[in-house]
Amino acid sequence: MNKLQYKIGEHPNLPAPKTQGGIFKAIRNNLFSTWYDSIITIILIYLLLSYLPMALDWLFFSADFFVDKRSQCTSGGACWGVITARFPQYLYGFYPPELYWRPNLASLLLLVALAPILYSKISYRKYFLMFSITYPLIAFWLLWGGFGLVPVESEKMGGLLLTLTLGVMGIALSLPIGILLALGRRSKMPAIRLFSTIFIELIRGVPMITLLFMATVLLPLFLPSDVIIDQLIRVIFIIVIFASAYMAEVIRGGLQSIRKGQYEASDVMGLSYWQSMSLIILPQALKISIPGIVNSFISLFKDTTLVIIVGMFDLLGVGRAALSNREWIGLANEVYMFIAIVFFVFCYLMSRYSLHLERRLSRSYK
Amino acid sequence: MFDIFYNKKFRSIASQFTLILFLVVVFYYFINNAIINLDRLGITSGFDFLFSRAGYDAYSPFFKFTSDSLHIDAYFVGLLNTLSVSILGIFIATILGFIMGVLRLSNNWLVSKLVYLVVEFKRNVPVLIWIIIWYFGVFLQLPSAKKAININDSIFISNRGLYFPSPVFSEGAIAILIAFIGAIIINFFYVKRAKKIHIKTGKQSPIFLVSLLLIIGLPVVTYFVTNQPIEWVIPELKGFNFKGGMALKPEFVALLMGLAVYTSAHIAEIVRAGILSVPKGQIEAGMSFNITRNQMMKMVVIPQALRLIIPPLTSQYLNLMKNSSLAVAVGYMDLTATTGGITLNQTGQAIECILMIMGTYLLLSLLISAIMNYVNKKVQLVER
């Protein structure tokens, strides 16, 4: 026995037994802590081991990537030719190929416009932000043409280009309108308050499809027969209206969480309504509601898929058109999986960013 | 002279007046145009078209709809179809969502990570894509009716839908219904008494077990005592499709699954956030009372989590109901597809049809909000 080798209080710190620390302990605590945990873990590992290789094999190893027809897909795996053979269509729709540089430039500029919004530590942020505000106009000019560029009809836009156009335009325009609606709903003027409330609740109470039907079926009835508004503009209008009602509720939540003292203090300073809102209240309220705002951006981006119901060819529409082609019939799995993954990537990145912001904001309040 | 423009009251009245004037002008312009356009197209406004022959087929499990039915019947078929898919969808989404939300917090690393992946993938892909995947990717790729998947010779799954045996009630079947209602009434009094005893003496009765036995056991016993008055009609293959039995069309199941799966992922996140929001001190206090894990969940965690879960859950239910209008994408005859789709295209009464479906969706939204507000009041903290 080496019990008495050390004097009291001089016992050195010994490493934990091998089964009580490090990787063994982690595995036991996280995977095999009780008997039923162990059973579940073993079943799950078995399922993963038996199905994952099969899935990977179908997706990559025995898949055909570059083929022109379904009949050329012979390896038994996925037939990605349905995507790769008409990849430009998934990106740009029927946009004229010689003008691809315009959407390309627009998406490059989008990154420049997003930079000062996503990163607050950028230098010359003020000037970048000015560019961000004017970006929708620049993008509109680049995509539609006119003023020195060859005009492109909006029916030619499709695929990811259309999805992103709808998403970005909707996001850029719904935020200011949402702010106005939220302020209107909290206004002291009864007519404005009533109008904002009815507008928000009406829009939030009905599905977006009915509004899209309104834009395609009802709006031509309400306008003189010689006035024809481009369908894409009508759809963007509806998406903006729909999203701004939801945005208004998110921002109203932020406005409500601002303490009364802030309002009173700005009144004491002698600021006018718009001064106190733009300098004191909104900066705080918007900061609090950023996670909610990003979440409504995500749902707006997902809602853009609904335009296929009024006959536009966004990413999903192009995919369905490819499937109805006789050469590619029956490849629903590949096409829908591809589209689902594209949407997943965009929305997941946005939701991660929102989470990151939430953490940063909660830190700055502590 | 210009002082009046700095007068607060004047500015308030002036801006409100401008808004009202603007709205009046816009409405006048729209209505004027609409009158001219309708006149040009030869459409008389009004709801008389509802009582003319519809001339199209819409499937409804609830009542017979033939091509001779009226447009108003089509409206009710659509409404019932919207309601049935919404209610079932809410039911399934809630169950799936709660299960996934709890599993997401599992101690088992593998389980929680897998559920995380599933939830994120479901949540971040648009619901329309899910509905289309379920329809074109799953149900239409099932074997044809002749090679249907056969479960125990009674349930058949094929690309024509799910076929179940349907019950046919004979004379004695009413006794089972009476037994069922009786069981619920007895159970109600039992639970009331058990709670009283619990408050008085602290003794707990096996409420869940007794309720289960009563509500399921009593009707089952009656079924055998009254000499099995329910017969089952088993679907049979005739030609290219099944006849007899109950059928769930692939459009319905695809829409239901798409909606339920998508919404359940959102509910899972809500449930997880709700459970995580219960302060640690509450759980530690529960542990120091030496109650079991299940008791802790039932009496400490869930009642407090529900307070945070119910309000966002309400908006998910509303979203599910509104998203059920995506039925048009798979050809399920819901409200948007009947009144807002075929009826509108056939009669050209766009204003009336769109007003009808918007009004109906608004009413349904209000109904769901009212029910959930009632539930919310029940779970909120009662303070003195």
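Residue indices begin from 1 for each chain and proceed along its sequence in written order. Chains and ligands are labelled sequentially in the order written, the chains with letters from A and the ligands with numbers from 1. The predicted origin of the model limits local features to residues at a pLDDT of at least 70 and limits the giving and counting of side-chain atom pairs to 80 or more, whereas totals for whole chains, interfaces and linings rest on all residues.

### A word on the overall build of chain A
Okay, so step 1: Put simply, DSSP marks the helices as runs of H or I at least four residues long and the strands as runs of E at least two long, and each gets a number from the N terminus on. Along its length, chain A carries 14 helices and 0 strands.
Okay, so step 2: Here chain A has a C-alpha radius of gyration of 28 Å; the compact-globule value for 366 residues is 21 Å, and the former is much larger.
Okay, so step 3: Along the first, second and third principal axes, the C-alpha atoms of chain A reach 100 × 75 × 40 Å.
Okay, so step 4: Residue burial is a threshold on neighbouring C-beta atoms within 10 Å of the residue's own C-beta, all placed from the backbone, with 20 or more meaning buried, 12 or fewer meaning exposed, and counts in between meaning partly exposed. Classification of the 366 residues of chain A by burial places 31% in the buried group.
Okay, so step 5: Each residue is represented by a C-beta atom placed from its backbone, and any two residues with such atoms within 7 Å are regarded as in contact. At a minimum sequence separation of 6, the contacts of chain A that also span at least 24 residues come to 63%. This radius of gyration counts C-alpha atoms alone. The globule rule is 2.2 Å times how many residues there are, raised to the power 0.38.

### Looking at the overall build of chain B
Okay, so step 1: If you tally the helices and strands in chain B, you get 11 helices and 8 strands.
Okay, so step 2: Here the C-alpha atoms of chain B give a radius of gyration of 27 Å, more than 25% beyond the 21 Å that 2.2 N^0.38 yields for 384 residues.
Okay, so step 3: Considered along the principal axes of its C-alpha atoms, chain B spans approximately 80 × 75 × 45 Å.
Okay, so step 4: Taken across its 384 residues, chain B has 31% of its residues classed as buried.
Okay, so step 5: Relative to all contacts within chain B whose residues are 6 or more apart in sequence, the contacts with residues 24 or more apart total 68%.

### Describing the sheet that holds strand β8 (residues 246-248) of chain B
Residue and element names in this part refer to chain B.
Okay, so step 1: In space, the 4 strands of this open sheet follow the order β1-β2-β3-β8, with antiparallel pairing throughout. Among the strands making up the open sheet, the edge pair consists of β1 (149-151) and β8. Shown here is a sheet whose adjacent strand axes are inclined to one another by a mean of 15°, direction ignored.
Okay, so step 2: For two strands to count as paired, DSSP must find a minimum of two bridges between them. With 3 bridges joining them, β1 and strand β2 (residues 155-158) adopt antiparallel strand pairing. The residue bridging Asn150 from the neighbouring strand is Phe156, located in β2. Between N-to-C directions, angles span 0 to 180 degrees; the directions come from axes that are lines fitted to C-alpha atoms, helices contributing only their stretch in contact.

### Quick look at the pairing of β2(B)
Residue and element names in this part refer to chain B.
Okay, so step 1: Burial of β2 is one-sided: the residues Phe156 and Ser158 facing one way are buried, the residues Ile155 and Ile157 facing the other way are not.
Okay, so step 2: Here β1 hands over to β2 after 3 residues, with Asn152 in that stretch at a positive phi of 60°.
Okay, so step 3: With 3 bridges joining them, β2 and strand β3 (residues 161-164) adopt antiparallel strand pairing. Paired with Ser158 across the two strands is Gly161, which belongs to β3.
Okay, so step 4: Following β2, the chain reverses through 2 residues before pairing antiparallel with β3.

### Side note on the interface of chain A and chain B
Okay, so step 1: Taken residue by residue, the interface counts 40 residues in chain A and 44 residues in chain B.
Okay, so step 2: For the side of chain A that touches chain B, the elements supplying multiple residues, two or more each, are α1 (22-31), α2 (35-61), α8 (190-205), α9 (208-222) and α14 (332-365) of chain A.
Okay, so step 3: Residue composition of the side of chain A that touches chain B, by class: 29 nonpolar, 9 polar and 2 charged. Here the term charged refers only to Asp, Glu, Lys and Arg, the term nonpolar to Ala, Val, Leu, Ile, Met, Phe, Trp, Tyr, Cys and Pro, and the term polar to all other amino acids, Gly among them.

### Some points on helix α9 (residues 293-323) of chain B
Residue and element names in this part refer to chain B.
Okay, so step 1: Helix span is expected to be 1.5 Å times the residue number reduced by one. End to end, α9 covers just 38 Å across 31 residues, shorter than the expected 45 Å (1.5 Å per residue, more than 12% under).
Okay, so step 2: At Val301, α9 shows its largest kink, close to 45°, and the proline Pro303 lies no more than four residues downstream.
Okay, so step 3: Listed as buried for α9 are Ala305, Ile309, Leu313, Gln316, Tyr317, Leu318, Leu320, Met321, Lys322 and Asn323.
Okay, so step 4: Against α2 (71-103), α4 (127-139), α7 (250-276) and α11 (350-379) lie the buried residues of α9. The seven residues ending at a residue and the seven starting there each receive a fitted axis; the angle between those axes is the bend at that residue.

### Regarding the nonpolar core
Okay, so step 1: In this usage, the nonpolar core is the set of buried Ala, Val, Leu, Ile, Met, Phe, Trp, Tyr and Cys residues whose C-beta atoms join them within 7 Å. With 149 residues, the main nonpolar core has A:Leu212, A:Val235, B:Ile129, B:Ile131 and B:Leu255 as its most contacted residues.
Okay, so step 2: Top element by residues in this core is helix α10 (residues 231-256) of chain A. It accounts for 16 residues.
Okay, so step 3: For A:Leu212, the contacting residues outside a window of four places in its chain are A:Val235, A:Ile238, A:Leu306, A:Ile309 and A:Val310.

### Observations regarding unusual backbone geometry
All names here are of chain B.
Okay, so step 1: With phi around 60°, Asn290 is a residue other than glycine that occupies positive phi space.
Okay, so step 2: Relative to the assigned elements, Asn290 resides in the loop between α8 (280-288) and α9.
Okay, so step 3: With 7 C-beta atoms counted inside 10 Å, the residue Asn290 sits in the exposed group.

### A word on the environment of A:Leu300
Residues and elements named next belong to chain A.
Okay, so step 1: Mapped onto the elements of the fold, Leu300 is located in helix α12 (residues 273-303).
Okay, so step 2: Each C-alpha atom, one on Leu300 and one on Leu166, is 9.1 Å from the other, the two residues being 134 residues apart in sequence.
Okay, so step 3: Beyond its immediate chain neighbours, meaning those up to four positions away, Leu300 contacts Gly167, Gly170, Ile171, Ser174, Ile239 and Ala243.

### Topic: the packing of helix α11 (residues 260-268) of chain A against α12(A)
Residues and elements named next belong to chain A.
Okay, so step 1: Interaxial distance between α11 and α12 falls to 10 Å at its minimum, and their mutual angle equals 160°. Taken together, the axes of α11 and α12 are roughly antiparallel relative to one another. The interaxial crossing formed by α11 with α12 has right-handed handedness. Contacts between α11 and α12 pair Gln262, Tyr263, Ser266 and Asp267 from the former with Ser276, Ile280, Ile281 and Gln284 from the latter.
Okay, so step 2: For the contact of α11 with α12, the per-class residue count stands at 3 nonpolar, 4 polar and 1 charged. By the definition adopted for this analysis, an angle is roughly parallel if under 35 degrees, roughly antiparallel if over 145, roughly perpendicular if from 65 to 115, and oblique otherwise. Left-handed describes a crossing whose near helix is turned anticlockwise from the far helix through less than a right angle; right-handed describes the clockwise counterpart.

### Let's talk about the packing of helix α7 (residues 159-185) of chain A against α10(A)
Residues and elements named next belong to chain A.
Okay, so step 1: Running from N to C, α7 and α10 point in directions that differ by 45°, and their axes come no closer than 6 Å. What the angle tells us is that α7 and α10 run oblique. Here α7 runs over α10; the crossing is right-handed. Facing α7, whose interface residues are Leu166, Met169, Gly170, Leu173, Ser174, Leu175, Ile177, Gly178, Ile179, Leu181, Ala182 and Arg185, α10 presents Val235, Ile236, Ile239, Val240, Ala243, Ser244, Ala245, Met247, Ala248, Ile251, Arg252 and Leu255.
Okay, so step 2: Considering only residue class, the contact of α7 with α10 consists of 18 nonpolar, 4 polar and 2 charged.

### Observations regarding the domain arrangement of chain B
Okay, so step 1: The domain architecture assigned to chain B consists of domain 1 (2-42), domain 2 (71-165 + 234-379) and domain 3 (172-226).
Okay, so step 2: Domain boundaries shown here were taken from an automatic or database domain assignment. Placing the centre of domain 1 of chain B and that of domain 3 of chain B at their C-alpha centroids yields a distance of 63 Å.

### With respect to the confidence of the model for chain B
Residue and element names in this part refer to chain B.
Okay, so step 1: Taken as a whole, chain B shows an average pLDDT of 84; of its residues, 97% reach a score of 70 or greater.
Okay, so step 2: Averaged over each element, pLDDT in chain B is lowest for strand β7 (residues 241-243) (73) and highest for α7 (92).
Okay, so step 3: Per the prediction output, this complex has pTM 0.86; the corresponding ipTM is 0.86. As a per-residue measure, pLDDT tells how confident the predictor is, with possible values from 0 to 100.

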